[in-house]
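# Understanding the architecture of this molecule
Below, each chain spelled out in residue letters.
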Amino acid sequence: MPAHVLEAHVIDLEAHRTCHAHQQPLMGDAGQPRGSAGQDLRRYPHLRGGLVGPVHVAAGLEGPRAADEHGAVVPVAVPPVAELRAPDDEGVVHHRVSAGGWDRLQCAHEARDLPVPMMNVLNGGVHADNNVDIQEFMVIPVGAPSFSEALRMGVEIFHHLRAVLRDAGHQTAVGDEGGFAPNLPRNEEGLRFVVEAIAGAGYSPGEQVSIAMDVAAQEFCHADGYHIDGRVLSGSELGWLYSSWLDEYPIVSIEDPFGEDDWDSWVEFTAREGERVQIVGDDIYVTNPERLNRGIESGASNAILIKLNQIGTVSETLEVMEMARAAGFTTVISHRSGETADAIIADFAVGTNAGQIKTGAPARSDRTSKYNQLLRISEQCSDYAQVF
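Worth saying up front: this structure is predicted, and the values here are computed from it rather than measured.

What follows deals with the overall build of the chain. Counting its regular elements, the chain contains twelve helices and 14 strands. Buried residues in the chain amount to 54% of all 388 residues. Pairs at least 24 residues apart make up 67% of the contacts formed inside the chain by residues separated by at least 6 positions. Carbon and sulfur atoms make up 48% of the accessible area of the chain, which amounts to about 15,800 Å² in all.

Moving on, we come to helix α5 (residues 188-200). Here α5 spans 19 Å end to end across 13 residues, near enough to the 18 Å set by a 1.5 Å rise per residue. Residues of α5 that are buried: E188, E189, G190, L191, F193, V194, V195, A197 and I198. Once α5 ends, the next one or two residues include G202, with phi positive near 95°.

What follows covers the pattern of salt bridges. Considering all chains together, one arrives at 17 salt bridges under this definition. With a closest N to O distance of 3.0 Å, K358 and D214 form a salt bridge. On the criterion of sequence distance, the pair formed by K358 in strand β14 (residues 356-358) and D214 in strand β6 (residues 210-214) is long-range, its members being 144 residues apart. For K358, a relative accessible area of 3% corresponds to the buried category. A salt bridge links K358 to E255, with the nearest nitrogen and oxygen atoms 2.6 Å apart. Of this pair, K358 sits in strand β14 while E255 sits in strand β10 (residues 251-255); the two residues are 103 residues apart in sequence, bridging distant segments of the chain. The same class applies to K358 as to E255, namely buried. Linked by salt bridges that have partners in common, R186, E188, E189, R192 and E196 make up one network.

With that out of the way, let us pick up helix α6 (residues 235-248). Taking 1.5 Å as the rise per residue, α6 with 14 residues should run 20 Å; its terminal C-alpha atoms sit 20 Å apart, in good agreement. Listing the buried residues of α6 in full gives G235, L238, G239, L241, Y242, S243, W245 and L246.

Let us look at the layout of surface pockets. Approximately 360 Å³ is the volume attributed to the second largest pocket. Taken together, 20 residues line the second largest pocket, and the ones lying closest to its centre are Q135, D282, D283, K307 and R336. Grouping the amino acids of the lining of the second largest pocket by side-chain chemistry returns three nonpolar, six polar and eleven charged.

About the thresholds
Residues numbered from 1 in each chain as written. Predicted model: local features only at pLDDT ≥ 70, side-chain atom pairs only at ≥ 80, totals over all residues. Heavy atoms only, no water. Helix = DSSP H or I, 4+ residues; strand = E, 2+ residues; numbered from the N terminus. Buried < 20%, exposed > 50% of the residue type's maximum accessible area, 1.4 Å probe, protein only. Contact = heavy atoms within 4.5 Å. Areas by Shrake-Rupley, 256 points an atom, 1.4 Å probe, with all protein chains shown as cover. Expected span 1.5 Å × (residues − 1). Salt bridge = Lys/Arg side-chain N within 4 Å of Asp/Glu carboxyl O. 1 Å grid on protein atoms, 1.4 Å probe; cavity = no way out; pocket = protein on both sides within 12 Å on 5 of 7 lines; lining within 4 Å. Points joined across faces, edges and corners; volume = space filled by probe spheres on them. Nonpolar A, V, L, I, M, F, W, Y, C, P; charged D, E, K, R; others polar.

So this is what it looks like as structure tokens:
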């Protein structure tokens, strides 16, 4: 029986207004809160706090004009409510892909594995008010036997990293995504501290737990080169710096190592290192099939970050995932910096059998909500993805 889906604005962790879709009637005043800066939804007053449509026609918000007509957060918020969390005849809510345009993905991927978590434990770049250029240092429990064990390992390392940083005289305040945000003399020190925390928690770096980085190089890419560690490097020089880190540290994944339009550096680095490290495109692809096609044809990377509200609709997101898989790319489902406690991407990662999920530190409710949802799902689906 179709349920009505309502949309309303909510506030994310960065005090920006965003969209949340409900399967229950929303009562009360849906007007704009006094003093809020407002973001996307102010341009769509006809949708705020109103009836978007019944579940069985919610996919009407899909399509190339949906984002233009409703804003990216609205068409992407409703279909997941309609399709990922629609209850069955017995009232049981499923995390599986089960309706509308999702059927083909369910047929193509019968397995349902819990994704490998990429846990952001040390923040820099635009996610933190510190001097670290690299945006995220993450731990990946590659040797965990299950998702619950992987999460436990990440939590233990997170707490050990706090102690390691404190003992070294660094602050342990956290950044936007819950990871610690110390000032460091060099970016490489972040790698050293993470390795020390892994070992301090009793795990073997590289065997049980490895490291991933989201460099977000676009943020320090300027007309004269990449400004990092007080130096200005060319794209090729920056790539060789990464190669030296691959030799020294158990790094299995690097996201956005170069600027979004520095295609030559992407291609050069992937040709040299693509066999020993996952090279993930986010800013370069923005979940867009045209940019992804260029990356596939040129060999710019071997993986793609998937963000539901980059392209604007669920159907288009799924098309990009299928396109990436057909080319042999791995896929990483990702949160956004400005998040709420909604956990839909956890369901999405399992339902699409993505294999990996990136959703911040194991701290702060906007991040832990996704991990907790995956724990709940793991009670029904215990298989754990083997990616690395």
